[in-house]
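Each chain, written out:
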Amino acid sequence: MSERKPYRNFKKREPSLTTEQKVEQFIIRNSKNGYFTKVSTISYKFDVSEDMAWSIVGELLSNGLFDSIHDEYTGEMKLCETGKAYSILDLERKRKRDKFREGKKHSKKKQSTQKANS
């Protein structure tokens, strides 16, 4: 017969976080990693309605913990911690520049191998 594990390893659970707290922690985590959080991702990531996501965002912005910025191409609202908008924008520019350079390197390699095969 199988042996059962003792129950003494069980601990009392802390109350689970509210959706607002989860969203807040998600935005903070993204900001610390150098990324903005799009408002549109909140509704499907946390399985809440779009209206609920906007009310959460409004509450977080009114508390003064977060800044918002609008994407220059799509116009979509993005969130980050207060005071980190410009540093994250700078990181985004660097990532795009590096991605562009990597793409150029790969295309040059493809062209040189195609010429060698001809």
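Above this text you will find the structure in question.
Residues numbered from 1 in each chain as written. Predicted model: local features only at pLDDT ≥ 70, side-chain atom pairs only at ≥ 80, totals over all residues. Heavy atoms only, no water.

Asks: Explanation requested: the overall build of the chain in the structure shown.
Replies: Helix and strand counts for the chain come out as four helices and three strands. Scanning the chain from its N terminus toward the C terminus, one meets helices and strands in the order α-β-α-α-β-β-α. Across the chain, the fraction of contacts at a sequence separation of at least 24, relative to all contacts at a separation of at least 6, is 46%. Surface accessibility of the chain: about 9,900 Å² in total, with carbon and sulfur atoms responsible for 50%. (Helix = DSSP H or I, 4+ residues; strand = E, 2+ residues; numbered from the N terminus. Contact = heavy atoms within 4.5 Å. Areas by Shrake-Rupley, 256 points an atom, 1.4 Å probe, with all protein chains shown as cover.)

Asks: Please clarify how unusual backbone geometry should be interpreted in this entry.
Replies: Leaving glycine aside, a negative phi is the common case for residues, and trans is the common case for peptide bonds. Positive phi values are uncommon outside glycine, yet Asp-47 reaches one of about 55 degrees. Relative to the assigned elements, Asp-47 resides in the loop between helix H2 (39–45) and helix H3 (50–63). For Asp-47, a relative accessible area of 72% corresponds to the exposed category. (Buried < 20%, exposed > 50% of the residue type's maximum accessible area, 1.4 Å probe, protein only.)

Asks: Help me understand the layout of surface pockets, please; the structure alone is not making it clear to me.
Replies: Picture a little ball the size of a water molecule; that probe, rolled over the atoms, points out where space is still empty. Its boundaries defined by the atoms lining it, the largest pocket holds a volume of some 390 Å³. Taken together, the elements giving at least two residues each to the lining of the largest pocket come down to helix H1 (19–32), strand S1 (37–38), strand S2 (66–70) and helix H4 (85–117). Of all the elements, H4 adds the most residues to the lining of the largest pocket, at four residues. Taken together, the residues of the lining of the largest pocket sort by class into six nonpolar, five polar and seven charged. (1 Å grid on protein atoms, 1.4 Å probe; cavity = no way out; pocket = protein on both sides within 12 Å on 5 of 7 lines; lining within 4 Å. Points joined across faces, edges and corners; volume = space filled by probe spheres on them. Nonpolar A, V, L, I, M, F, W, Y, C, P; charged D, E, K, R; others polar.)

Asks: Whenever I open this one, the pairing of strand S3 (residues 77–81) confuses me. Can you help?
Replies: On a regular strand, each side chain points to the face opposite its neighbour's, so the side chains alternate between the two faces of the sheet. The element S3 is largely enclosed, with a buried count of five among its five residues. In this sheet, S3 lies alongside S1 in antiparallel orientation, the contact comprising two bridges. Among the inter-strand pairings, Lys-38 is bridged to a residue of S3, identified as Lys-78. What sits between the antiparallel neighbours S2 and S3 is a turn of six residues, in which Gly-75 has the positive phi angle 80 degrees. (Pairing = 2+ DSSP bridges.)

Asks: What is the right way to read the nonpolar core from this model?
Replies: If you look at the biggest cluster of nonpolar residues, it comprises 14 residues, and the most contacted ones within it are Val-23, Ile-27, Ile-42, Val-57, Leu-60 and Leu-79. Top contributing element to this core by residue count: H3, with four residues. (Core = buried A, V, L, I, M, F, W, Y, C linked by side-chain atoms within 4.5 Å.)

Asks: Sorry if this is basic, but what is going on with the sheet that holds S3 here?
Replies: Hydrogen bonds along the backbone pair up the strands of a sheet, which may run parallel or antiparallel. Taken together, three strands build an open sheet; the order of strands is S1-S3-S2 and the sheet is antiparallel. For this open sheet the edge positions go to S1 and S2, each flanked by a neighbour on one side alone. Against the sheet, H1 contacts S1, S2 and S3, and its axis sits at roughly 80 degrees relative to S3. Of the strands in this sheet, S2 and S3 are in contact with H3, which crosses S3 at around 40 degrees. (Axes fitted to C-alpha atoms, helices over the stretch in contact; angles between N-to-C directions.)

Asks: Would you mind going over the pairing of S2 with me for this structure?
Replies: Of the pairings in the sheet, the one linking S2 to S3 comprises five bridges and is antiparallel in character. Residue pairing across strands places Phe-66 opposite Glu-81, the latter belonging to S3.

Asks: Got a minute to help me understand the packing of H1 against H3 in this structure?
Replies: Any two packed helices are characterised by the angle at which their axes cross and by the distance between the axes. Between H1 and H3, the least distance of the axes is 11 Å, while the angle of their chain directions is 65 degrees. Between H1 and H3, the interaxial angle falls into the category roughly perpendicular. Of the two possible hands of crossing, H1 and H3 adopt the one that is right-handed. On H3, the residues that touch Thr-19, Glu-20, Val-23, Glu-24 and Ile-27 of H1 are Met-52, Ile-56 and Leu-60. Considered class by class, the residues forming the contact of H1 with H3 number five nonpolar, one polar and two charged. (Parallel < 35°, antiparallel > 145°, perpendicular 65-115°, else oblique. Left-handed = near helix turned anticlockwise from the far one by under 90°.)

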